[in-house]
Structure formats: structure tokens, C-alpha cells
Amino acid sequence: MRRAGIATREVLELLRGLVKPGVTTMDLEKAAADRIAEMGVKAAFKGYGGYPCVLCASVNDEVVHGIPNPKRVLKEGDIVSLDFGVFVDGYCGDSAITVPVGKIDAETARLLKVTEASLHAGIAAVKPGATLGDVGAAVQGVVEAEGFSVVRDFVGHGIGTHMHEDPQVPNYGTPGRGMKLRPGMVIAIEPMVNAGKPDVMVLKDGWTAITSDGSMSAHFEHSVAVTATGAKVLTE
Ligand code: MF3
Ligand code: CO
């Protein structure tokens, strides 16, 4: 799983470097597809439930599952969430980052910083004997202390030989509640954080989730293994 995580990371960092005004989300899809073909690994998203691409690229008020589009031109001040995963030798990696396009306003920059910090708070809560409620509460605490909101309609997940395995990993919760973590478990923690209200809607394309109030949304994700003493981030 570490090898799948490293391959996933490599592609995401390549894409991060390509994001700038004038680039389309389909340009990013093509770069990702070309790189995984070179590496000889398998896209995790393409064909999953009929999803048409290797990459999800969600711009501004799009929360997750934005479908790459040659007409979607990134412009200065936008943010784009890049969600990507691969299988290597039958094991899956899954990770996401939200990237600024050129210079963004201070409030949007704060949203990105807080969302990434909330992911790291969730990871810091991972250790044997901790519960999924501890993880969710850690994420939620960081987000809500900053006045932002955690999306409820999508959650993280177990990951292994399938991208989505039990258990669900909510980005909210009550300390001490939920499944106990044990060494060898691997979970994808993926806070989706809205600047405004937590509500989302799915567009008629059947995939793209947007914020109901039009506010900006950010998404960061890592695949994280529970070790004997804490956590190992497989996608860093
Ligand atoms: N990272 C996303 C997830 O964990 C990717 C799923 S997109 C899909 O659910 F198209 F593959 F469904
Ligand atoms: Co995921």
C-alpha cells in the first residue's frame, strides 16, 4: 500500500506544479493519465461506478467529484481540489489536495490552511485503541473553531484491495464513540470543508457536488495506516 501511496503522491505533486491561470481541468486529467501510463499503474477512479476520468478536479464551490472538462479554464483567484488514486499490485492509494490558482484572497487561503490542518489533526488522533469518533472529533474541532463547516454527505473510508472499504470515516464525531482502531487497519481521512454552510447538492451530471450556498470548498485527503504506536501516512 505504501507503493500505491507513493505513486498517488507523485502524480498529485506533478499536477500541483501544472496548476496556473489558463490551464483547463482536462489538461490536468491528461497529464495524470499520461503519467500513470508511463508508470504502468492502474487508475483507481476511472470506471468506478461509471466515473469517466482518472482525476476529480473540483473548482471553487465544487466540493468533490468534479469531472475534468476542456472548457473549464482555471483563472487567477480560483482554487481547485485534485483528488486522485491508483492501484499498484492490487493495492489502492487515495489522496487529495486543494491548490490555489495564482493569487487567492486571504479568506480562501485561510480555508485551505484550516482544511489541511484538520486533516493533520485527524491523522494525529490515529493510534491503536483510539476510535473513529476521536478522529472525526479532531477534524471537526479544528474546522469549527475557525468558523468553517464540515461536509456531512461525504465521508472517508477504509482502503485496501478496494478503494472503498468499511468502515466509513466521518469528519465529525464524538470522542470515544465508533470503531476502535487496530494496527494494520488503513483508512482514508478526507475532510471536505465549506467556507459557509455544510449542505451540498449534486449536479445533473450525477457526480459534481457543489456547496448549496455557493461558498468555497476545500478537500485534503491521505491514506493512513494504523501502526503499533500511531499512524503512518502512506500517501505522503
Ligand atoms: N477520493 C474519492 C473518494 O475517496 C474518489 C472517488 S471518485 C470516484 O471517494 F469517481 F472514483 F468515485
Ligand atoms: Co477517498
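Here the structure is shown first, and the text comes after it.
Conventions we followed
- Residues numbered from 1 in each chain as written.
- Chains lettered and ligands numbered in written order.
- Predicted model: local features only at pLDDT ≥ 70, side-chain atom pairs only at ≥ 80, totals over all residues.
- Heavy atoms only, no water.
- Axes fitted to C-alpha atoms, helices over the stretch in contact; angles between N-to-C directions.
- Helix = DSSP H or I, 4+ residues; strand = E, 2+ residues; numbered from the N terminus.
- Parallel < 35°, antiparallel > 145°, perpendicular 65-115°, else oblique.
- Left-handed = near helix turned anticlockwise from the far one by under 90°.
- Contact = heavy atoms within 4.5 Å.
- Nonpolar A, V, L, I, M, F, W, Y, C, P; charged D, E, K, R; others polar.
- Pairing = 2+ DSSP bridges.
- Donors = N, O, S within 2.8 Å, 3.2 Å for Na, K, Ca; no water.
- Buried < 20%, exposed > 50% of the residue type's maximum accessible area, 1.4 Å probe, protein only.
- Polar contact = N/O pair within 3.5 Å; in protein donor to acceptor, adjacent residues only side chain to side chain.
- Phe/Tyr/Trp six-rings, centres within 6.5 Å; stacked < 30°, edge-to-face > 60°.
- Lys NZ or Arg CZ within 6 Å of the ring centre and 35° of its normal.
- Salt bridge = Lys/Arg side-chain N within 4 Å of Asp/Glu carboxyl O.

Colleague: Residue-level account of the packing of helix 3 (residues 106-124) against helix 4 (residues 132-145), with values.
Modeller: Viewed as axis vectors pointing N to C, helix 3 and helix 4 meet at an angle of 155 degrees, and their least axial separation amounts to 8 Å. Taken together, the axis directions place helix 3 and helix 4 in an arrangement best described as roughly antiparallel. Like other packed secondary-structure pairs, helix 3 and helix 4 cross with a definite hand, here right-handed. Along the contact surface, helix 3 presents Val 114, Ala 117, Ser 118, Ala 121 and Gly 122, while helix 4 presents Val 135, Ala 138, Val 139, Val 142 and Val 143. Here the residues of the contact of helix 3 with helix 4 are counted per class, giving eight nonpolar, two polar and no charged.

Colleague: If you had to explain the sheet that holds strand 13 (residues 217-219) to someone new, which residues and values would you point to?
Modeller: Read from one edge to the other, the open sheet built from three strands follows the order 6-10-13, with strand pairing classed as antiparallel. The outermost strands of the open sheet, each flanked by one partner alone, are strand 6 (149-150) and strand 13. Of the pairings in the sheet, the one linking strand 10 (residues 192-194) to strand 13 comprises three bridges and is antiparallel in character. Along strand 13, the bridge assignment pairs Met 192 with His 219.

Colleague: Lay out the coordination of the cobalt ion (ligand 2) in plain terms, naming residues and giving numbers.
Modeller: Distances from the cobalt ion (ligand 2) to its protein donors, Asp 94 (OD), His 157 (NE2), Glu 190 (OE) and Glu 221 (OE), fall at 2.0 to 2.3 Å. Binding-site remark: the cobalt ion (ligand 2) is held by donors from one chain whose sequence spacing is D-x62-H-x32-E-x30-E. A residue pair is termed long-range when its members are at least 10 positions apart, and Asp 94 in strand 5 (residues 91-100) and Glu 190 in the loop between strand 9 (186-189) and strand 10 qualify at 96 residues. Residue Asp 94 is classed as buried on the basis of its relative accessible area of 2%.

Colleague: Go over the side chain of Glu 221 with me, naming the residues and quoting the values.
Modeller: Looking at the secondary structure, you find Glu 221 in the loop between strand 13 and strand 14 (222-226). Within the structure, the side chain of Glu 221 is placed 3.4 Å from the side chain of His 157, a separation counted as a polar contact. Every residue in contact with Glu 221, bar those within four places of it in the chain, is listed here: Asp 83, Asp 94, Ser 95, Ala 96, Leu 119, His 157, Ala 188, Ile 189 and Glu 190.

Colleague: Can you tell me about the packing of helix 1 (residues 2-18) against helix 2 (residues 25-39), naming the residues and giving the values?
Modeller: Viewed as axis vectors pointing N to C, helix 1 and helix 2 meet at an angle of 145 degrees, and their least axial separation amounts to 10 Å. Crossing of helix 1 over helix 2 shows right-handed handedness. Note on element contacts: helix 2 touches helix 1 through Leu 28, Ala 31, Ala 32, Arg 35, Ile 36 and Met 39, opposite Ala 7, Glu 10, Val 11, Leu 14, Leu 15 and Leu 18. A per-class count over the contact of helix 1 with helix 2 returns 10 nonpolar, no polar and two charged.

Colleague: Lay out the packing of aromatic side chains with the relevant residues and their values.
Modeller: Taken as a whole and judged by the stated rule, the model has one aromatic pair. Centroid distance Tyr 51 to Trp 207: 4.9 Å. Interplanar angle 80 degrees. Geometry classified as edge-to-face. Here Tyr 51, found in the loop between strand 1 (42-43) and strand 2 (55-59), pairs with Trp 207, found in the loop between strand 11 (200-202) and strand 12 (209-211); they are 156 residues apart in sequence, far enough to count as distant. You can call Trp 207 partly exposed: its relative accessible area is 22%. Note that Arg 152 overlies the ring of Tyr 172, its terminal NZ or CZ placed 4.9 Å from the centroid.

Colleague: Provide a residue-level description of the pattern of salt bridges, including the pertinent values.
Modeller: Tallied over the full model, the rule gives 10 salt bridges. The closest approach of N and O atoms between Glu 38 and Arg 35, which form a salt bridge, is 2.5 Å. One end of the pair is Glu 38 and the other is Arg 35, both in helix 2 and three residues apart, which spans about a single turn. Accessibility expressed as a relative area gives 61% for Glu 38, which makes it exposed. Classification of Arg 35 as partly exposed rests on a relative accessible area of 24%. Glu 107 serves as the salt-bridge partner of Arg 110, at 2.9 Å between the closest nitrogen and oxygen. Of this pair, Arg 110 and Glu 107 both sit in helix 3, three residues apart, roughly one helical turn. Counted as one network, the salt bridges with shared partners bring together Arg 9, Glu 13 and Arg 16.

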